[in-house]
Each structure stands twice: as C-alpha cells, then as structure tokens.
Amino acid sequence: MALSAQQIPRWFNSVKLSSFITATQLGKQFQRRGKTLSHGFSAQPQMSSDNCFLPWGFKTYRTSSLWNSSQSTNSSRQEISSAQSALLPSVNEQTQKTQKIPSFDSELSLEALDDLPPLSPLQPVSEEEAIQIIADPPLPPDTFTLRDYVDHSETLQKLVLLGVDLSKIEKHPHAANLLLRLDFEKDIKQILVFLKDLGIEDNQLGTYLTKNYAIFSEDLENLKTRVAYLQSKNFSKAHIAQMVRNAPFLLSFSVERLDNRLGFFQKELELSVKKTRDLIVRLPRLLTGSLEPVKENMKVYRLELGFKHNEIQHMIIQVPKMLTANKRKLTEIFDYVHNVMSIPHHLIVRFPQVFNTRLFKIKERHLFLTYLGRAQYDPTKLNYISLDKLVSVPDEIFCEEIAKASVQDFEKFLKTL
C-alpha cells in the first residue's frame, strides 16, 4: 500500500530508530565475544553519509587504495558490501545464524517499538527527576535493637500495642529473626485467640508474650493437644489458665515431657494423684524447670537436715518452693533455727514457711527477744512463741504482741548490732 506524503517522514524515522537499536544490540553481542573477530577485523558500528548507523560496519586495519573520496555514496555502499563478503567464512556464518538484520529498504512495523527492553535502573536521571524521588530510609544491616524495625513491621507495631516489651525480647539472640518473619494475620492472630480462649486476659497478654514469644513458632494443633492432655488429668480450665500464667513456657513442652514430670513427682514424693495435681497447680514451674535442684534438695532434707519422709511430704505440700529453693539458704536457716534457737524438727515441720524467710530477719527478732528475755520456743512452757508468729507478722505486731515493746525500742536495738 502506498504511503501518503505525510506518512513518509514518520515511516523513515521509525526505520532508522529500529535499525539503530538492532545494530547497537548486535555490536554489544560481538563485543562480549572479543574485541577483534579475526585477523584485523573488528565489529564496530560505522556511520554512513546520511548520518544513519549501518547494520554492519566492519572496518579493516589494512586500508585499500580503492577507497576514494571522489566516489559516490552508492559506490561506497557497494565496496562496504564487498568488504563484508571478504570476511572469513566462520564469521559470516556465525553472524547469519545470530540474527537476520533488517535493511533500510525493508518496511518495519510501528508495533516493534513496543518490544524495546525496559529502562535500566542504572540509567542516569536529571537533577529535577532525582529531587522528585521519594525513598524510605534503609533498614540497618546490623542492629542491637528492634526499635529500628518497628516503623517497617506491622507485626511489631501490633505486638507493642498488646503490651509486649520488645526491649526484653531483643536480648535473646534469635528473637528478632523470629518476629520479623511472622505475619500478624497468618501466624500471630490465631495464637492470640487460643490464649484468650484458654483464659489469658487482654491485660495479661503483653506480659505473657514478653516471656514466651517463642509460642508463635509452635503449631496450634500441638498447643491444643497439650491442653487436652492436662484436662485428661483432671486439671480444670481455671487451673490450666493459672498454670500457664505462672509458668509461661508450660505449653511449649510436649505431652511426653509433661507426663514424665507428673509421674516423677508422684513417684519421688509418694503422693496421691490429687496431692500431686495440687502441688503442680501451686507451682507449675516444676513441670518446666530442671529436675536437678529438686533431686538435690530431697537429699538435703533427708540426709543433711535429718527430716523423715513423711515430714518432707508435709512441708513440700505446704510450701512447694522448698523443692527448688537454694541449697545454701536451706542449710543456713535450718542451722540457725535448729542449733541456735534450739527448735526441734517436729516444730519446724509445723511451720515450714520459715524456709521462705530471710535469715537476717529471723536473727534480728530472735536476738531482740533474747535481749528482752522472751525468747521462749517450747510449747510446753509459758509465753510460748511459735515460728509462725516470729517471722510472719509485721514489725508493729511483733513488737506490740510478742516482744511487748515499742517499734522505736526495736529500731534502737537494731542499731547496736
């Protein structure tokens, strides 16, 4: 179809642009193969007399006398074509296989311009364009705080709103990697719903998740299975919620471990099922902590302090923390109460809370009573003072009802120690 006079310049410009792009791409391909193709030939795009890139512009370093400035443009094109045909066969064959080059005389469609490669991100931009670019500040490659990521992470923002203390979580080496990989809707929301159904209140979620952020890595079905196991052991829903609050890592342990721990305490202490369950409800950390302190303290009570097995049972049921108390503290308190204050085993068993008392408090009050002549701990005699009254009441009641003195007198006495 013939072109109108108005269409001819537009068609010719499109031909020149497509030919220019093709020649540039082919030139890059040959430059990657090597600068020199063979024996003095190099693939370099040449400019014709009409200021258009020739599709193939090979020049030779051995010039010929045939090149004459008086020749016309047509003869120049013919000689360039003969020079191309004089290339080594391998080069000609390779170039023919690479791509068939369109000539200026062939008609190119305007749609070919749509197939151009996208602009490179390395393409230079003007100052005006650079000013209009808005980029977020980059995340630090290495940081010691999660605060730098809060503005970029929806998950961290919502955890902060729940009351989670990120400053405590970031002290753990792998906590940041875990939280930053989580999606709130997909990974966290279902855990929050599970905890609320379990009995954890909204104002308790922040504290709980701060201590046990690793619960987000647990499978939800595994968590439900562990709760079902506790229910099968007749732990009520209220007791399970209380245990989870007081021992945040409880649900992170498998059913096998929970079952082994319950069996250990029932067998080691020779307790009934009900008493074992009551013991765990009062101190659920027995299921999550190490068993070594428990085993060591059992030996201390029996071999070093001389308590009988039934006495140990009674004290532990009354004060479960005695199973995990510091060994040195236990021995120091017993030595002072039994050997200095002359209180026998059976009276200590009646008030085992004395092992939860600070030793200096026991010393201060005993020395004050001794100073007043009222340190009488024998229940068969008058003015008997039990361990309960000695260490469990505040100073005002101790001075008024037990020591029969004023608080000022007690404070003056303490200054003399």
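Residues numbered from 1 in each chain as written. Predicted model: local features only at pLDDT ≥ 70, side-chain atom pairs only at ≥ 80, totals over all residues. Heavy atoms only, no water.

Asker: Is there a simple way to think about the overall build of the protein chain in this case?
Answerer: The helix and strand tally for the protein chain stands at 22 helices and three strands. When burial is assessed residue by residue, the protein chain has 35% of its 417 residues classed as buried. Within the protein chain, counting contacts between residues at least 6 apart in sequence, those at least 24 apart form 66% of the total. Taken as a whole, the protein chain presents about 26500 Å² of accessible surface, with 52% of it coming from carbon and sulfur. (Helix = DSSP H or I, 4+ residues; strand = E, 2+ residues; numbered from the N terminus. Buried < 20%, exposed > 50% of the residue type's maximum accessible area, 1.4 Å probe, protein only. Contact = heavy atoms within 4.5 Å. Areas by Shrake-Rupley, 256 points an atom, 1.4 Å probe, with all protein chains shown as cover.)

Asker: Could you clarify how one ought to interpret unusual backbone geometry in this entry?
Answerer: Most peptide bonds take the trans form, and the phi angle of most residues other than glycine is negative. Its identity is not glycine, yet Glu 270 carries a phi of approximately 55 degrees, on the positive side. Accessibility expressed as a relative area gives 56% for Glu 270, which makes it exposed.

Asker: Would you explain the packing of helix H9 (residues 184–198) against helix H11 (residues 220–232) in this entry?
Answerer: Each pair of packed helices can be summarised by the angle the axes make with each other and by the distance between the axes. Direction vectors running N to C along H9 and H11 enclose 15 degrees, while the axes themselves pass 11 Å from each other. Between H9 and H11, the crossing angle belongs to the class labelled roughly parallel. Handedness of the H9/H11 crossing: right-handed. Of the residues in H11, those in contact with Gln 190, Ile 191, Phe 194 and Leu 198 of H9 are Leu 220, Leu 223, Lys 224 and Val 227. (Axes fitted to C-alpha atoms, helices over the stretch in contact; angles between N-to-C directions. Parallel < 35°, antiparallel > 145°, perpendicular 65-115°, else oblique. Left-handed = near helix turned anticlockwise from the far one by under 90°.)

Asker: Sorry if this is basic, but what is going on with the packing of aromatic side chains here?
Answerer: When we look at a pair of aromatic rings, we describe it by the centre distance and by the angle of the planes. Within the structure shown, the criterion is met by eight aromatic pairs. Their ring planes at 50 degrees and their centres at 6.5 Å tell us that Phe 368 and Phe 398 sit as a pair that is tilted. One end of the pair, Phe 368, is in helix H19 (residues 359–372); the other, Phe 398, is in helix H21 (residues 395–403), and 30 residues separate them in sequence. Judged by relative accessible area, Phe 398 falls into the buried class, the value being 0%. Each member of the aromatic cluster is reached from another via a ring pair, and the members are Phe 368, Tyr 371, Phe 398, Phe 410 and Phe 413. The ring of Phe 398 carries Arg 365 above its face, with NZ or CZ at 4.6 Å from the centroid. (Phe/Tyr/Trp six-rings, centres within 6.5 Å; stacked < 30°, edge-to-face > 60°. Lys NZ or Arg CZ within 6 Å of the ring centre and 35° of its normal.)

Asker: Can you help me understand a positive patch on the surface in this one?
Answerer: Side chains of Arg 285, Lys 321, Lys 329 and Arg 358 sit close together on the surface and give a patch of like positive charge. Mapped onto the elements of the fold, Lys 329 is located in helix H17 (residues 327–340). (Patch = residues over 30% accessible without salt bridge, like charges linked within 9 Å, V, L, I, M, F, W, Y side chains within 5 Å. Salt bridge = Lys/Arg side-chain N within 4 Å of Asp/Glu carboxyl O. Lys, Arg positive; Asp, Glu negative; His and termini not counted. Charge placed at Lys NZ, Arg CZ, Asp CG, Glu CD.)

Asker: Looking at this structure, how should I read the environment of Thr 416?
Answerer: Its place among the elements puts Thr 416 in the segment after helix H22 (407–415). Looking at Thr 416, its side chain comes within polar contact range of the main-chain oxygen of Phe 413, at 2.4 Å. (Polar contact = N/O pair within 3.5 Å; in protein donor to acceptor, adjacent residues only side chain to side chain.)

Asker: Can you walk me through the pattern of salt bridges in this structure?
Answerer: It is possible for side chains of opposite charge to pair when their charged atoms get near one another. Following the criterion strictly, the structure yields nine salt bridges and no others. Residues Lys 189 and Glu 185 are paired through a salt bridge, measuring 3.7 Å at the closest nitrogen-oxygen approach. With Lys 189 and Glu 185 both in helix H9 and four residues apart, this pair spans about one turn of that helix. Here Asp 278 and Lys 274 are joined by a salt bridge, their closest N and O atoms 3.1 Å apart. Here Lys 274 and Asp 278 lie together in helix H14 (residues 273–282), a separation of four residues that amounts to about one turn.

Asker: Mind showing me how you'd approach helix H13 (residues 255–268) here?
Answerer: An α-helical turn contains 3.6 residues, so a residue and the one three or four places further along point in the same direction. The end-to-end C-alpha distance of H13 is 20 Å, a good match for the 20 Å that 14 residues give at a rise of 1.5 Å each. Along H13, the residues that are buried comprise Leu 258, Arg 261, Leu 262, Phe 264 and Phe 265. Projection of H13 onto a plane perpendicular to its axis shows the buried side chains occupying an angular sector of 155 degrees, all on one side. Across H13 from its buried face, at more than 90 degrees, point the exposed residues Glu 256, Asn 260 and Lys 267. Where H13 is buried, its residues contact H11, H14 and helix H15 (292–304). (Expected span 1.5 Å × (residues − 1). Arc of directions from axis to C-beta.)

Just distances and angles here, no functional claims.
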